[in-house]
Amino acid sequence: QEPNAYSGLVLLKAYWETAGIMGYGHISGRKMIEKQQYNELIDWAVRNSLGGKSYPPDEILKEKGLSREEFAQTNVITMMEKVDEDFNKRVANNKDISAFSQTYKEFIGEGGHPTFLGLSICGVRSKDGALTPSLDKKCDDEKDLMPILSYTSIASIYFWHYWNEFQKVEAKQLADVT
């Protein structure tokens, strides 16, 4: 099996975004539960699970008398910025240590983007610095995969932190109703 940093970057981007959404979902849900805003929580969950740029389709929205704004989702970078704020406050005791959103903006979001990957896959630099296309380009070395593994570990810290926090809130809610 040959190393494939390009596939790794795409998967890393998806996992990083999932960790951001998990954190944001927990943060938003926790606040609404603390305020006993259960109807708002359901609306939030529907909007963030079903909404999208073109879903539901405009025809259905019109038929139901709903607006696109009712299904507008929060931008993934905004979600990650909220994760940074929460992580710094609740985990780092108000120290500014979390760079979850910045890492995404500077490396992962671009490195895992199809345009960047296409240029990376097809472009080979010759000794004179010229960039020429090559359809059989592979990773130069296993070292290309090391940053992907490191960033995957970082995303896992955030994902599992918020997963565990979610389980605590869920257990408390179940205890309150039983």
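Presented here is an overview of the structure given in this document. Along each chain, the written sequence defines residue order, and numbers are assigned to residues from 1. At least 70 in pLDDT is required for a residue's local features to be given in this predicted model, at least 80 for side-chain atom pairs to be given and counted, and no such filter applies to totals for whole chains, interfaces and linings, which use all residues. By convention in this description, side-chain values take in all heavy atoms of the structure and omit both hydrogens and water.

Every patch collects residues that have over 30% relative accessible area and no salt bridge, joining them within 9 Å if they carry like charges and within 5 Å if they are nonpolar side chains (Val, Leu, Ile, Met, Phe, Trp, Tyr). Areas reported as accessible are Shrake-Rupley estimates using a 1.4 Å probe. Residue values count occlusion only from the protein chains shown. Here, a salt bridge means any side-chain nitrogen of Lys or Arg that lies within 4 Å of a carboxyl oxygen of Asp or Glu. Taken together, the side chains of Ile42, Val46, Leu50 and Tyr55 present a nonpolar region at the surface, about 360 Å² in accessible area. Mapped onto the fold, tyrosine 55 is located in the loop between helix H2 (38-50) and helix H3 (58-64). Numbering of helices and strands runs from the N terminus; a helix is a DSSP stretch of H or I covering at least four residues, while a strand is a stretch of E covering at least two.

For this analysis, a ring pair means two rings from Phe, Tyr or Trp (six-membered ring only for Trp) whose centres lie within 6.5 Å, classed as stacked if their planes differ by under 30 degrees, edge-to-face if by over 60, and tilted for the remaining angles. Applying the stated rule across the entire model yields 11 aromatic pairs. Aromatic side chains tryptophan 160 and tryptophan 163 sit 6.3 Å apart centroid to centroid with 80° between the ring planes, which places their arrangement in the edge-to-face category. Here the residue tryptophan 160 and the residue tryptophan 163 both occupy positions in helix H7 (residues 146-177), the gap between them amounting to three residues, near one helical turn. Only protein chains enter the area calculation, which uses a 1.4 Å probe; residues under 20% of their type maximum are buried, those over 50% are exposed, and those in between are partly exposed. Looking at tryptophan 160, the relative accessible area reads 46%, which means it is partly exposed. Residue tryptophan 163 is classed as partly exposed on the basis of its relative accessible area, which comes to 31%.

The nonpolar core is taken to be a set of buried Ala, Val, Leu, Ile, Met, Phe, Trp, Tyr and Cys residues, with the residues joined through side-chain atoms within 4.5 Å. Residues Trp16, Val83, Phe100 and Tyr162 are the most contacted members of the largest nonpolar core, which totals 17 residues. Counting only elements with at least two residues in this core, the list comes to helix H1 (5-34), helix H4 (76-90), helix H5 (100-111) and H7. When residues of this core are assigned to their parent elements, the largest contribution, six residues, is made by H1.

A separate point is the environment of phenylalanine 159. With respect to the helices and strands, phenylalanine 159 occurs in helix H7. Distance from phenylalanine 159 to tryptophan 16, taken between C-alpha atoms, is 8.5 Å for residues 143 residues apart in sequence.

With that settled, consider the pattern of salt bridges. For the structure on display, the rule yields nine salt bridges. We note a salt bridge from aspartate 86 to arginine 30, for which the minimum N-O separation is 2.9 Å. With aspartate 86 in helix H4 and arginine 30 in helix H1, this residue pair connects regions lying 56 residues apart in the sequence. The pair formed by aspartate 86 and arginine 30 is uniform in burial state, with each residue classed as buried. Here the salt bridges share partners, and the residues they tie into one network are Arg30, Glu34, Asp86, Arg90, Glu165 and Lys168.

With a phi angle near 55°, glutamine 36 is a residue other than glycine that sits in the positive phi range. Following the sequence through the fold, glutamine 36 ends up in the loop between H1 and H2. Backbone geometry at asparagine 94 places phi at a positive 70°, although glycine is not the residue there. When you line up the elements, asparagine 94 lands in the loop between H4 and H5.

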